[in-house]
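Residue strings, one per chain:
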Amino acid sequence: AIARGITINTVRCGPNPQTEQVWQEIARIGEGKYFSIAQNGGVISVATPYDAEISKIADKIEATTIAGGTSHARQAQRASYTANAVGAAGPPGPQGERALFNTKSSQGYGSWDVVTGQMNKTLDVTKMKDEELPEELRKLKPEERLQIINSKIAERKTAQADLEKLQRQRLDFIKDYSTKNKLDDKNAFDTLVKQALREQAARRNIRFQN
């Protein structure tokens, strides 16, 4: 792994002392970090008044996707829809977090979504083969396809702007709630991992935007 530029971090979940030495050794050899967290992960998940609206906007963004590409890409689409359906059945706090992750920069759609590809300029819908397009676009002329895709892009950008505003309000709410209730997540799994990733990324001259 080291020879290939891969860093290995280890996470020991729970208090069993017999696992600690081995996990520390793997992290040392892998030039990574060793973490020990509570059995429940220590993650603080706060339900906010904005979670329901965030989920609605996430559904709007989901509706702007158009599956295309290879059969492998279509399998990725089905997996994405299934994962989102499972996440939607969970409690409000994690629902909001999942919706934000899936829709920010359309991370969850990049492998199969024609709209994302057109937005990112990784493909040109006017030059795609018929077998790479869904049925509703195959019958259309290239310029008509592009018109539909551009309409979806406009819808998505509007929804993403609304989502960013709600995200800021949600984070402010969580910050205030955590302060008032004296919640401490400095040893939570997600906090520790984020810190480690930032430090390790800095070694490779990678900088996070926020």
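Below, the structure is looked at part by part. Positions within a chain are numbered from 1, following the residues in the order the chain's sequence is written. For a predicted model such as this one, the threshold for reporting local features is a pLDDT of at least 70, and the threshold for listing and counting side-chain atom pairs is 80 or more; totals across whole chains, interfaces and linings nevertheless cover every residue. With hydrogens and water set aside, each side-chain value is computed from the structure's full complement of heavy atoms.

### Some words on a nonpolar patch on the surface
Reasoning step 1: Patch construction takes residues with relative accessible area above 30% that form no salt bridge. Like charges are linked within 9 Å, and nonpolar side chains (Val, Leu, Ile, Met, Phe, Trp, Tyr) are linked within 5 Å. All accessible-area figures derive from a Shrake-Rupley calculation using a 1.4 Å probe, and residue coverage is judged against the displayed protein chains alone. When a carboxyl oxygen of Asp or Glu is within 4 Å of a side-chain nitrogen of Lys or Arg, the pair counts as a salt bridge. A cluster of nonpolar residues, I6, I8, V22, W23 and I26, forms a patch on the protein surface that exposes about 380 Å² of accessible area.
Reasoning step 2: For V22, the position within the fold is in helix α1 (residues 17-29).
Reasoning step 3: Using a 1.4 Å probe on the protein chains alone, a residue whose accessible area is under 20% of its type maximum counts as buried, one over 50% counts as exposed, and one in between counts as partly exposed. Using a relative accessible area of 43% as the deciding quantity, one classes V22 as partly exposed. Secondary structure elements follow DSSP: runs of H or I no shorter than four residues count as helices, runs of E no shorter than two count as strands, and numbering proceeds from the N terminus.

### Examining the packing of helix α2 (residues 51-62) against helix α7 (residues 142-180)
Reasoning step 1: Here α2 crosses α7 at 160°, and the two axes come no closer than 10 Å. In this view, α2 runs roughly antiparallel relative to α7, as classed from their interaxial angle. Relative to α7, α2 is oriented so that their crossing is left-handed. The segment α2 lies against α7, with D51, E53, I54, I57 and I61 engaging R156, A159, Q160, D162, L163, L166 and R170.
Reasoning step 2: For the contact of α2 with α7, the class distribution of residues is six nonpolar, one polar and five charged. Axis geometry follows a simple rule: fit a line to the C-alpha atoms, using only the stretch in contact for helices, then measure angles between N-to-C directions, giving values from 0 to 180 degrees. Working rule for angles: under 35 degrees goes down as roughly parallel, over 145 as roughly antiparallel, 65 to 115 as roughly perpendicular, anything else as oblique. Crossing handedness follows the turn of the near helix against the far one: under a right angle anticlockwise gives a left-handed crossing, and clockwise gives a right-handed one. Residue contacts are counted whenever heavy atoms from the two residues lie within 4.5 Å of one another. In this classification, the charged set is Asp, Glu, Lys and Arg, the nonpolar set is Ala, Val, Leu, Ile, Met, Phe, Trp, Tyr, Cys and Pro, and all remaining amino acids, among them Gly, are polar.

### Quick word on the pairing of strand β2 (residues 34-37)
Reasoning step 1: Residues F35 and I37 of β2 are buried on one face, while the alternating residues Y34 and S36, pointing to the opposite face, are not.
Reasoning step 2: Alignment of strand β1 (residues 10-13) against β2, held across four bridges, turns out to be parallel. Following the sheet pairing, V11 is matched in β2 by F35.
Reasoning step 3: With its strands directed away from the observer, a crossover is right-handed exactly when the path from the first strand over the helix to the second travels clockwise. In this fold, the crossover linking β1 to β2 by way of α1 has right-handed handedness. Following DSSP output, two strands are said to pair if at least two bridges run between them.

### Things to note about the packing of aromatic side chains
Reasoning step 1: Stacked, tilted and edge-to-face are the three classes assigned to paired rings of Phe, Tyr and Trp, where Trp is represented by its six-membered ring and a pair needs centres within 6.5 Å; plane angles under 30 degrees give stacked, over 60 edge-to-face, the rest tilted. All chains considered together, the criterion is met by one aromatic pair.
Reasoning step 2: Pairing F173 with Y177 gives two aromatic rings, centres 6.3 Å apart and planes at 15°, and the pair type is stacked. With F173 and Y177 both in helix α7, this residue pair falls four residues apart, about one helical turn.

### Considering the pattern of salt bridges
Reasoning step 1: Overall, the coordinates contain seven salt bridges when judged by the stated rule.
Reasoning step 2: Close ionic contact of E20 with R12 constitutes a salt bridge, the shortest N to O distance being 3.7 Å.
Reasoning step 3: In this structure R12 comes out as buried when scored by relative accessible area, which is 8%.
Reasoning step 4: The closest approach of N and O atoms between R138 and E135, which form a salt bridge, is 3.2 Å.

### Things to note about α2
Reasoning step 1: Here α2 contains twelve residues, and its C-alpha end-to-end distance of 16 Å stays within 8% of the 16 Å for a straight helix at 1.5 Å per residue.
Reasoning step 2: Within α2, the full set of buried residues consists of D51, I54, S55, I57, A58, I61 and E62. Projected down its long axis, α2 shows its buried positions confined to an angular sector of 165°, all on one face. Turned more than 90 degrees off the buried face of α2, the exposed positions are A52, K56, D59 and K60. Expected span of a helix: the number of residues minus one, times 1.5 Å. Directions drawn from the helix axis to the C-beta atoms are what define this arc.

### Points about the side chain of R12
Reasoning step 1: Of note, R12 is situated in strand β1.
Reasoning step 2: Polar contact is defined as a pair of N or O atoms within 3.5 Å, subject to the rule that within protein one atom must be able to donate a hydrogen and the other to accept it, and that residues adjacent in sequence are counted only when both atoms are side-chain atoms. Side chain to side chain, R12 and T19 meet in a polar contact 3.4 Å long.
Reasoning step 3: Polar side-chain contacts of R12 include one of 2.9 Å to the side chain of S36.
Reasoning step 4: With residues near it in sequence (within four places) discarded, R12 still touches P17, T19, E20, W23, Y34, F35, S36 and I37.

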